[in-house]
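# Per-entry structural report
What follows is each chain in one-letter form.
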Amino acid sequence: MARTLDPSGVSGKRPIIEEQDFMAVVLVGYGEHLYPFNEGTNVLSKALLPIGNKPIINIVLDWILKSGLLEILLIVPPSNYSALSNHLAENYSSASYPRLNIILKKFTDGERDEDDANTSGLGMGAKPAETEGTARVLKRFRSYIKTDFVLLPCDLYPPAYLSLSSILDKHRSSPSAVLTSVLYDPPEVIREHEEALLSAYDRRSSELLMLQNMDNLDEDFEIRSALLEAHPTLSLSTRLLDAHIYVCRRSILDLLASRRPRDLDSMKVQVIPWLVKGSWQKGLARQWSQLLCPPDEDPLLSALSYSTTSRVTRAPQPESDSKSGAESPDAFENGMENSQTLKPKPVPHVPWHCQVIISRPPVPEPPAPKGKEKGKPIPVAEPEYLIRSNTIAGYWELNRRFLRTLSSSVGATPARPAFDDPTGKAAIHASAQISADSLIGEGTKIGERSSIKKSIIGRHCVIGKGAKLSGCILWDFVTVDENAKIENAILCTNLRVGAGAQIKDCEFGPGYEVPSAAVLKGERLVLGQEA
Amino acid sequence: MSDEKPEASGSGSGTAPTSKPAKQPKAAKAPTDGAGAKAGEKSAKDIKKEKRAAAVAARGGGEDPRAAAAAAGAGPSGSNANSNSNANPSLGQSTSSQPGGAGTGGGNNAARRPAPLLSDVSYILPPTPSHSLFFSHLPILTPPATATAIQSGKIHPLVIRLGCLMASGALRGSNARTTGMLLAFKEVIRDYESPENAVLWKDLPGHLSPMIAWLEGCRPKGAGGGNAIRWLKGEINKLGEEEEDRTEDAQKQHLILSIAYYIRDRIEYAGQQIAFEAQRKIRAGDVIMVYARSSVVERCLIYAWTKMREADPEATFEVIVVDSAPLHEGRNLLEALSAQGIPTTYTLLTSLSPLLSRTSLVLLGASALYANGSLHARAGTALVAMLAKEYRVPVVVAVETYKFTGGVRLDGLGMNEVDVNWMDEDRGTEGIVKAGDGKEGGGANLTRLALTYDLTPAEYITALCTEIGFIPPSSVPTVTGKTAAGA
């Protein structure tokens, strides 16, 4: 392993320890739920969706970096490869992050297993790549993943109270945890749009016991009595959603490799529920324990057997006086004088389980009443939720939350609106009215008498005279002609809104053109579509 | 300092600069209070000044609050008292650094008056952690900062994992933690490469130091761990004194082997030998009482049971497991013993007396043994030992010699650990936590306090069962002397 010398020079020339115990794997999908953002000309990658003019992949990468991880594997669809490569070169160059190592790969790279050879042989063409599940992609890249890893989505906006460090530490502190996942309590607006998930977990031991999609459930729901015997105090919930944060042991990939790929396509939908089910079913647990907990892999195993918090799993051994079956295998340790003859020990069943962290926003403290101030409504801070921007609703919610933080930070006094513009090239007409809780990107020109409220405007946009924007999100290179009125809409890149158009509650894909004087309400349109 | 007196006595003259002398009495009082003989003199001076100040205050009246507030600002309560003290509502919040600066002629008097005694200002406890009133010298168990550890590049990932395991309690117990530490360092040495122009035996201790410090922050090592680290450093040093020139790989291999031998001899083999010794004292029909869970005591019991059953399948002895909050380690011991078929009773510390009357032997585990024979073990051990002595039950401590240390402790507070988060997992106490302030953790009005260890004086221990046999507690220094000489 290449060793870099410690540049701080504190300890002379002591090399830095480069090995990491975790690697981050970020999967970027095609954005199936993000219609109309994903169709049109110059479609933006799902990872580069701007939240407050900042791509969401930056948020995920910064979150990873804050926990100290330095190895990141980013797997993207082939069409997004160059865009992301440029983005990474700009924002996460090796100059600014010397020890960071981001490996960017396309879906189609990586080893091909036998199943891929079969399908391509049949001439099924382009389809498999599109519909390929996350588990199959992961299997392809298992040669790049040498340590335990944490699987993350590209569209996650983690709240301030949830740090990746704490999730990783929870995994590190449980020696028998094979998987640590995060379930979160979403805000109401998100829950309505997502499929409900039935989750069963043991609150006391933080074990995850079952994950099932509610749509597939019949009228009755059965729980095996084996599960109830093992975990009599389990909790069932339909409120929680899966955050797609999975801290996995490397041996899960070995387990996946031993199974038919057709059954285990998607991590979230198939693999994780299947793995979770195996953890409490005794037969499966024992069977998989060979693969998931190979002997001699954990150097601390014999230390853990001395711990006062270790649970008993061994059968009574009549003759030996050894502590547990999993002794250190070093040969010389067996040559003890006073010991009885040690029979060859049967391979013990090493227990394993899946852990879960439930992320709920803490109830914010009501601000202390300041005594005699009357008439000033004290803004109640709202709880900060974990939100994923993999649906339109999520994307909206994230941007709205961003706008709310803008307005609350600016305060009651009317101030200049936030400018995302280091070069000062935005040309804003003096008579334009821009509210304080708006964000304007660089290079944007705003015409006279236009009014912009609670909006996020990207770079190099042109807002014509008299245009009225309220609660809108404009990406880069959008042109709004004069006197257009836009309310609660998302306009993607390279879009043009004709003069005098009235748009309310719409989302338009990249490259779309709104004809002049059009009146559109509640539409989702892409390039070439008629309203 | 000597010009204080004439200025204070000449209270009429307002010409002298007011800020300096006013600062000096405060400075003399607050930080040097515990400084030693010099502080003794000063406090005598201060007492005189106080008396004079009180007399002047009786006359001066209005200026006093400002001086009092200013003094409170610099007092030992610190800024908390400033914000919390209700004796000084509006004055003096910001004047702590400018005691008499804004004073008029009359203010000169106030500024020169020395700080009032602490009894004038109500002593407000700092909000959290309130345990600092008695235990501020003890480490509190906090979750480790793994992100900074990784980013520093000085801590091996296995050591980070070990730190997390120790801090969370998954790895608990002196044997477990010491073994874990040595195994982790084995891997660290295996992965180590000395930089150019550096010799392994000189550089390796420096490589290991940040890791040892970080582990200490996760969980203090204790005597056993400290002895193990000292031994390891000694081994590394010995490499430098060798005659023959070994390659670095050979040296590393030697160290790895030495660590494995240490674990084998002083923990594993010692435990086996202790079980062998203890088993000879356990007869059929005995009732043995144990406290919480100790790996070596568990081993003794299981070995004694299997030996007894081999000799006579009908023979039996009974075990009483005494347990205590918050850790409830005895539950796992109960499971382990029941799995072997040993008849076990489980009880809490509160039911100790009636059970002791039918106990024949108390077998305790140890975290450390001090040179005066006192035992440092899980909190509650002392209670069991003292009560057993009342009932004339022999108390035997099963301990490996690597836990012997040359230090001396006279009470359980000198070295201990404070656990402030124990109510989080204890379901029975949910109501108390919620009632504290309606907030998570009970808020500022609730202090959760649990000490991890306690000290049992030597007179309550009948004998120590070690791998070198049964020895009295008073012979600990002899054993440590022997091992230090290089056994």
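As recorded in an unreviewed UniProt entry, chain B goes by the name Translation initiation factor eIF2B subunit delta, listed as coming from Dioszegia hungarica. Of chain B, the UniProt comment under Sequence similarities (unreviewed entry) reads exactly: "Belongs to the eIF-2B alpha/beta/delta subunits family." Here is the UniProt Subcellular location (unreviewed entry) comment for chain B, exactly as written: "Cytoplasm, Cytosol".

Looking up chain A in an unreviewed UniProt entry gives the name Translation initiation factor eIF2B subunit gamma, with the organism given as Dioszegia hungarica. Listed in UniProt under the heading Sequence similarities (unreviewed entry), the comment for chain A reads: "Belongs to the eIF-2B gamma/epsilon subunits family." Its UniProt record, at the heading Subcellular location (unreviewed entry), says of chain A: "Cytoplasm, Cytosol".

Time to look at the packing of aromatic side chains. All names here are of chain A. If you walk through the whole model with that rule in mind, you get eleven aromatic pairs over all chains. Ring centres 4.5 Å apart and planes at 45 degrees place the aromatic pair Trp274 and Trp288 in the tilted group. A residue pair is termed long-range when its members are at least 10 positions apart, and Trp274 in helix H10 (residues 267-280) and Trp288 in helix H11 (residues 282-292) qualify at 14 residues. Here the aromatic cluster, defined as three or more aromatic residues joined through ring pairs, consists of Phe37, Tyr395 and Trp475. The residue whose ring lies beneath Lys106 is Tyr81, and the NZ or CZ to ring-centre distance is 4.9 Å. Above the face of the Tyr157 ring, Arg401 is positioned so that its terminal group lies 5.0 Å from the ring centre.

Here we take up the nonpolar core. Counting 45 residues, the largest nonpolar core has Val159 and Phe185 of chain B as the members making the most contacts within it. At the level of secondary structure, the elements contributing two or more residues to this core comprise helix H12 (301-306) of chain A together with helix H8 (146-152), helix H9 (157-168), helix H10 (174-191), helix H11 (200-218), helix H12 (222-240) and helix H13 (248-279) of chain B. Those residues in contact with Phe185 of chain B that lie beyond four places of it in its chain are Val159, Leu208, Met211, Ile212, Leu215, Ile229, Leu232 and Ile259 of chain B. Core analysis: the second largest hydrophobic core is formed by 42 residues, Leu27, Val276, Cys293 and Val356 of chain A among them.

The next subject is the side chain of Glu417 of chain B. Residue and element names in this part refer to chain B. Tracing the backbone through its elements, the reader meets Glu417 in the loop between strand E7 (395-398) and strand E8 (418-419). Of the polar contacts made by the side chain of Glu417, one reaches the side chain of Arg219; its length is 2.7 Å. Residues in contact with Glu417, not counting those within four places in the same chain, are Pro139, Leu141, Arg219, Pro220, Ala450, Leu451, Thr452 and Tyr453.

What follows concerns the side chain of His207 of chain B. Here His207 of chain B lies in helix H11. If we ignore the near neighbours within four places in the chain, the residues touching His207 of chain B are Arg14 and Ile17 of chain A together with Val188 and Tyr192 of chain B.

Turning next to the packing of H10 of chain B against H11 of chain B. All names here are of chain B. Interaxial distance between H10 and H11 falls to 12 Å at its minimum, and their mutual angle equals 145 degrees. As for how H10 packs across H11, the hand of that crossing is right-handed. For the pair formed by H10 and H11, the contact residues are Met181, Phe185, Val188 and Ile189 on the first element and Leu204, His207, Leu208, Met211, Ile212 and Leu215 on the second. The residue inventory of the contact of H10 with H11, partitioned by class, reads nine nonpolar, one polar and no charged.

What counts and what doesn't
Residues numbered from 1 in each chain as written. Chains lettered and ligands numbered in written order. Predicted model: local features only at pLDDT ≥ 70, side-chain atom pairs only at ≥ 80, totals over all residues. Heavy atoms only, no water. UniProt positions renumbered as here; feature names shortened; annotations may be inferred. Phe/Tyr/Trp six-rings, centres within 6.5 Å; stacked < 30°, edge-to-face > 60°. Helix = DSSP H or I, 4+ residues; strand = E, 2+ residues; numbered from the N terminus. Lys NZ or Arg CZ within 6 Å of the ring centre and 35° of its normal. Core = buried A, V, L, I, M, F, W, Y, C linked by side-chain atoms within 4.5 Å. Buried < 20%, exposed > 50% of the residue type's maximum accessible area, 1.4 Å probe, protein only. Contact = heavy atoms within 4.5 Å. Polar contact = N/O pair within 3.5 Å; in protein donor to acceptor, adjacent residues only side chain to side chain. Axes fitted to C-alpha atoms, helices over the stretch in contact; angles between N-to-C directions. Left-handed = near helix turned anticlockwise from the far one by under 90°. Nonpolar A, V, L, I, M, F, W, Y, C, P; charged D, E, K, R; others polar.

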